[in-house]
Amino acid sequence: MKSKLPVIVGSIFVAYLAFVAVVVLVYDPTPDEMDWEDRQEYINAKLTEISLGQSITQIKSLLGKADFSEAKVANENAIQVLFYRTHHKKSDGETTKDECTPLLFKDQKLIAWGEGTYQQYLAGGLTN
């Protein structure tokens, strides 16, 4: 009588290989699960797809968790700034705001992004 053990073990191994292949081919990590280099490249690509007026929820869904954030109330409007890392400056293991692109939201809607508009915001000229 022949043992069925090799057939069973072989079948389990083939099923495992098929499972691994499906996971590798189908799994798409979220921005929060990516390493910093892949996440930075991903965010740079996705910044070309955003548009003024998008909600903060839509942006967070697209780009993931921000690296930094700031918020305040100005002229009865809620102002929030989310910072996403988009460029590498120094290999020190830390992400800093100068390595990020700021996205400005007024009452939960995207009103501007980029360093120039952030400087306008800091000077008080963007949210009035």
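What this report covers is the structure whose coordinates are included nearby.

Since one α-helical turn is 3.6 residues long, residues separated by three or four positions face the same way. End to end, helix α2 (residues 36-47) covers 16 Å across 12 residues, agreeing with the expected 16 Å (1.5 Å per residue, within 8%). Among all positions of α2, only Arg 39, Gln 40, Ile 43, Lys 46 and Leu 47 are buried. Buried residues in α2, looked at end-on, bunch into an arc of 135°, giving them a common side. On its buried side, α2 packs onto α3 (56-63), β2 (77-85), β3 (100-106) and β4 (109-113).

What follows is about the pairing of β3. Counting buried positions along β3 yields six of seven residues, so the element is predominantly enclosed. Summarising the sheet, β2 and β3 pair through seven bridges and their orientation is antiparallel. Bridge assignment links Arg 85 to a residue of β3, and that residue is Cys 100. Hairpin connection, β3 to β4: the antiparallel pair is bridged by two residues, and Asp 107 has positive phi, about 50°.

The tally for this structure, following the rule as stated, stands at three aromatic pairs. Each ring, one from Phe 68 and one from Phe 83, has its centre 6.5 Å from the other, and the planes form 85°; the classification is edge-to-face. Of this pair, Phe 68 sits in strand β1 (residues 68-74) while Phe 83 sits in strand β2, placing them 15 residues apart in sequence. The exposure class of Phe 68 is partly exposed, given its relative accessible area of 26%. Taking the centre distance of 5.1 Å and the plane angle of 85° together, the rings of Phe 83 and Tyr 118 count as edge-to-face.

Once that is clear, we can look at the sheet that holds β3. With respect to topology, four strands assemble into an open sheet ordered β1-β2-β3-β4, the strand pairing being antiparallel. Strands with a single pairing partner mark the edges of an open sheet, and in this sheet they are β1 and β4. Taken pair by pair, the neighbouring strands of this sheet meet at an average axis angle of 25°, ignoring direction. As paired elements, β3 and β4 share four bridges and run antiparallel to each other. Opposite Phe 105, over in β4, you have Leu 110 as the bridge partner. Packing of α3 onto the sheet brings it into contact with β2, β3 and β4, and relative to β2 it is tilted by some 10°. Where helix α4 (residues 115-122) meets the sheet, it contacts β1, β2, β3 and β4, and its direction lies at approximately 55° from that of β3.

When the charged atoms of two side chains lie near each other, side chains of opposite charge can form a pair. Evaluated as defined, the whole model comprises five salt bridges. Ionic pairing is found between Asp 67 and Arg 39, a salt bridge with its closest N-O pair at 3.0 Å. A residue pair is termed long-range when its members are at least 10 positions apart, and Asp 67 in the loop between α3 and β1 and Arg 39 in helix α2 qualify at 28 residues. Given a relative accessible area of 10%, Arg 39 falls into the buried group. Of the charged contacts, one joins Lys 89 and Asp 98 as a salt bridge, the two residues approaching to 3.9 Å between their closest N and O atoms.

The rules behind each value
Per chain, the residues get numbers from 1 upward, laid out in the order the sequence is written. In view of the model being predicted, local features appear only for residues whose pLDDT reaches at least 70, and side-chain atom pairs are presented and counted only at 80 or more, with totals across whole chains, interfaces and linings using the full set of residues. Water and hydrogen atoms play no part in the side-chain values, which are based on all heavy atoms of the structure. Where helices and strands are cited, they refer to DSSP runs of H or I of at least four residues and of E of at least two residues respectively, numbered from the N terminus. Helix span, expected: 1.5 Å multiplied by one less than the number of residues in the helix. Each residue gets one of three labels from its accessible area relative to the maximum for its type: buried under 20%, exposed over 50%, partly exposed in between, using a 1.4 Å probe on protein chains only. Note: the arc covers the axis-to-C-beta directions of the helix. Here, residues are in contact when the closest pair of their heavy atoms is within 4.5 Å. Strands were regarded as paired on the criterion that DSSP finds at least two bridges between them. Stacked, tilted and edge-to-face are the three classes assigned to paired rings of Phe, Tyr and Trp, where Trp is represented by its six-membered ring and a pair needs centres within 6.5 Å; plane angles under 30 degrees give stacked, over 60 edge-to-face, the rest tilted. All axes here are fitted lines through C-alpha atoms, helices being fitted over the stretch that makes contact, and every angle between N-to-C directions spans 0 to 180 degrees. Salt bridges are defined as contacts in which a side-chain nitrogen from Lys or Arg sits within 4 Å of a carboxyl oxygen from Asp or Glu.

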